Amino acid sequence: MAQRPDATARMFARFVKEAAIRKGFAVGSSSGDGKAKLAAASGMSEADISKILAGEYEVPTDLLKPLATAIGEKQKDLLRAAGILEDKPAQQSPPLTAQLAAQHLGIKSPKNVEAFETIVAALLQAEKRR
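Definitions and limits used
- Residues numbered from 1 in each chain as written.
- Predicted model: local features only at pLDDT ≥ 70, side-chain atom pairs only at ≥ 80, totals over all residues.
- Heavy atoms only, no water.
- Salt bridge = Lys/Arg side-chain N within 4 Å of Asp/Glu carboxyl O.
- Helix = DSSP H or I, 4+ residues; strand = E, 2+ residues; numbered from the N terminus.
- Buried < 20%, exposed > 50% of the residue type's maximum accessible area, 1.4 Å probe, protein only.
- Core = buried A, V, L, I, M, F, W, Y, C linked by side-chain atoms within 4.5 Å.
- Arc of directions from axis to C-beta.
- Contact = heavy atoms within 4.5 Å.

Peer 1: Just checking my understanding: could you explain the pattern of salt bridges for this structure?
Peer 2: Pairs may arise between side chains of opposite charge once their charged atoms sit close together. The full count for this structure, using the stated rule, is four salt bridges. Ionic pairing is found between R22 and E73, a salt bridge with its closest N-O pair at 2.7 Å. Separated by 51 residues along the polypeptide, R22 in helix α1 (residues 7-22) and E73 in the loop between α4 (64-71) and α5 (75-81) bring together distant segments of the chain. R80 serves as the salt-bridge partner of D77, at 3.4 Å between the closest nitrogen and oxygen. Taken together, the residues span about one helical turn, with D77 and R80 both in helix α5 at a distance of three residues. Judged by its relative accessible area of 30%, R80 is partly exposed.

Peer 1: Can you help me understand the environment of A121 in this one?
Peer 2: Looking at where A121 falls in the secondary structure, it is placed in helix α7 (residues 110-129). Owing to a relative accessible area of 41%, A121 belongs among the partly exposed residues under this scheme. Between the C-alpha atom of A121 and that of A98, which follows or precedes it by 23 residues, the distance is 8.2 Å.

Peer 1: Please explain the nonpolar core as it appears in this structure.
Peer 2: The nonpolar side chains of a soluble globular protein tend to be buried, and buried together. Judged by nonpolar contacts, the single largest core of 20 residues is most densely connected at F12, V16, L38, I49, L67, I71 and L78. With five residues, the single largest contributor to this core is α4.

Peer 1: What exactly am I supposed to notice about α4 here?
Peer 2: Helical periodicity: at 3.6 residues per turn, an α-helix aligns residues three or four positions apart in one direction. Among all positions of α4, only L64, L67, A68, A70 and I71 are buried. Seen along its axis, α4 keeps its buried residues to an arc of 160°; they face one direction. For α4, the exposed residues set more than 90 degrees away from the buried face come down to K65 and T69. For α4, the elements touching its buried residues are α1, α2 (33-42), α3 (46-53) and α5. Just downstream of α4, G72 is the residue with a positive phi angle, here 75°.

So, in structure tokens, the structure goes:
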């Protein structure tokens, strides 16, 4: 009995199918011509492409780069769709202070740093009043 595709495999299949169609591969047609052309463009077998589109195939990561190129997607996006790469929360930078900005700009003299901080504070106050 055939194993039912899991949610990740179905999501991956949908991602690949939609991207392939946008790229001009008629993978949804009954002729199978689009699958054959996608297989040729990606260096994969037509049977493997059919399995991917049916949500029945776990793709080896070494085949994702040529597949991503063939369907016009970034490899990272394909890895995410395949459930191989998880989205990581963006690292938040510490808030930029006037003192840190001065340091990044190369302002080192304590007197100039103080003047810079005063100017920044005045500009921020002006922005709040707008």
